[in-house]
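# Descriptive structure summary
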Amino acid sequence: MDYDRLISEALATPFEGWDFGVFKDRYEEQTDRLPWNYEQLVRDSMADVSSMLDMGTGGGEFLAALAPLPVRTAATEGYAPNVPVARDRLEPLGVEVVEVDEDDALGFADGSFELVINRHESFDPREVHRVLKPGGVFVTQQVGGRDLEEVNLALGGPRHEVYEWDLGSAARGLVEAGFEVTWKEERASEAVFRDVGALVLFLRIADWQVPGFSVERYDERLRRVHEEMPLRATAWRFALTARKA
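Residues numbered from 1 in each chain as written. Predicted model: local features only at pLDDT ≥ 70, side-chain atom pairs only at ≥ 80, totals over all residues. Heavy atoms only, no water.

The next thing to look at is the nonpolar core. Formed by 30 residues in total, the largest nonpolar core has its most connected members in Leu148, Val151, Leu155, Phe193, Leu199, Phe213 and Leu222. Where this core is concerned, the elements lending two or more residues are α1 (3–12), α6 (149–155), β7 (179–193), α8 (196–205), α9 (219–227) and β8 (231–244). The element that contributes the greatest number of residues to this core is α8, accounting for eight residues. Excluding its chain neighbours within four sequence positions, the residues that come into contact with leucine 148 are Tyr27, Ala191, Phe193, Phe202, Gln209, Ala233, Thr234 and Ala235. (Core = buried A, V, L, I, M, F, W, Y, C linked by side-chain atoms within 4.5 Å. Buried < 20%, exposed > 50% of the residue type's maximum accessible area, 1.4 Å probe, protein only. Helix = DSSP H or I, 4+ residues; strand = E, 2+ residues; numbered from the N terminus. Contact = heavy atoms within 4.5 Å.)

Shown next as structure tokens:
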């Protein structure tokens, strides 16, 4: 397919929630081969709790798949278009969905939850500590600051604003906030963009990847990437569990 058609389709493709099925096989991450399973980490931690918060629930897809949920389950979401999607999916399950602006103001009382889960959402460790009950658990999987840095290099764009974000810095912040880190691991895996349209669609969704990205601004570089496809990159993931002392 020619460049202009791929770009037009990428700009017109609708996207809601956080369902990467829209890419089909045009963008692939080998993160399904991580040595841990985030869903299983969460399910294990859910076993004996009656209250849980899901930070950055997206369209609520992952949280809904965990049902039956603890008696009190809430979710936050900071991307406005996702909020009604999440409410439509989660409120019938009894989940309170709260729109938030900043991760350092979650909008819940002190000691509200026994479990806080977070997949690929930024967080303030002090705020997570505040909303957890004593002995409460935080489970998170994060995207490292060097994630897909080959994309930024190929486009000649700036690197991530949180380039130094990794397992070590996350663990240190949690310990400083009063947590005991009980388990942690980090892993790199391959990611592949099969065509430039998939790349542009990804950059529409993950608008933090290349700050200030637009097709017009990066047209020359995108055309060069188009000629050299596929684009291979490195996906950085880390996960940890922590307990509030």
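Next comes the rest of the write-up.
Take the pattern of salt bridges next. All chains considered together, the criterion is met by 16 salt bridges. The partner of arginine 223 in a salt bridge is aspartate 4, with the nearest N and O atoms 3.4 Å apart. Here aspartate 4 lies in helix α1 and arginine 223 lies in helix α9, a separation of 219 residues in the sequence. Under the relative-accessibility criterion, arginine 223 is labelled partly exposed at 36%. Aspartate 4 gets classed as partly exposed once you look at its relative accessible area, which sits at 47%. (Salt bridge = Lys/Arg side-chain N within 4 Å of Asp/Glu carboxyl O.)

Looking at where aspartate 147 falls in the secondary structure, it is placed in the loop between β6 (132–143) and α6. The exposure class assigned to aspartate 147 is buried, which follows from its relative accessible area of 5%. Those residues in contact with aspartate 147, other than ones at most four positions away along the chain, are His160, Gln209, Thr234, Ala235, Trp236 and Arg237.

Next up on the list: the pairing of strand β5 (residues 113–119). Counting buried positions along β5 yields five of seven residues, so the element is predominantly enclosed. Judged from the four bridges that link them, strand β2 (residues 51–55) and β5 form a sheet pairing that is parallel. Across the sheet, the residue bridging to methionine 55 is asparagine 118, located in β5. (Pairing = 2+ DSSP bridges.)

Right, let's talk about the packing of aromatic side chains for a bit. Following the criterion strictly, the structure yields eleven aromatic pairs and no others. With 5.1 Å between their ring centres and 80° between their planes, phenylalanine 108 and phenylalanine 113 make a pair best called edge-to-face. Here the two residues phenylalanine 108 and phenylalanine 113 agree in accessibility, since each one is buried. Taken together, Phe123, Phe138, Trp165, Phe179 and Phe238 form an aromatic cluster joined through their ring pairs. Lying over the aromatic face of phenylalanine 62, arginine 119 brings its terminal NZ or CZ to 4.6 Å of the ring centre. (Phe/Tyr/Trp six-rings, centres within 6.5 Å; stacked < 30°, edge-to-face > 60°. Lys NZ or Arg CZ within 6 Å of the ring centre and 35° of its normal.)

The eight strands are arranged β1-β7-β8-β6-β5-β2-β3-β4 in an open sheet whose pairing can be described as mixed. Sheet topology places β1 (27–29) and β4 (96–99) at the edges, where each strand pairs with a single neighbour. Mean inter-strand twist for the sheet, computed between neighbouring axes without regard to direction, equals 20°. (Axes fitted to C-alpha atoms, helices over the stretch in contact; angles between N-to-C directions.)

Now for the pairing of β6. Here β5 pairs with β6 via six bridges, running parallel. Directly across from isoleucine 117, in β6, lies its bridge partner valine 139.

Turning to unusual backbone geometry, a few remarks are in order. One can expect most non-glycine residues to show negative phi and most peptide bonds to be in trans. The omega torsion across alanine 67 and proline 68 is 5°, close enough to zero to call that bond cis. Residue position: proline 68 is located in the loop between α3 (61–65) and β3 (72–77). Cis peptide bonds are those with omega within 30 degrees of zero, and the linkage from methionine 229 to proline 230 qualifies with 5°. For proline 230, the position within the fold is in the loop between α9 and β8. Positive phi, close to 55°, is recorded for leucine 148, a residue that is not glycine. With respect to the element layout, leucine 148 can be found in the loop between β6 and α6.

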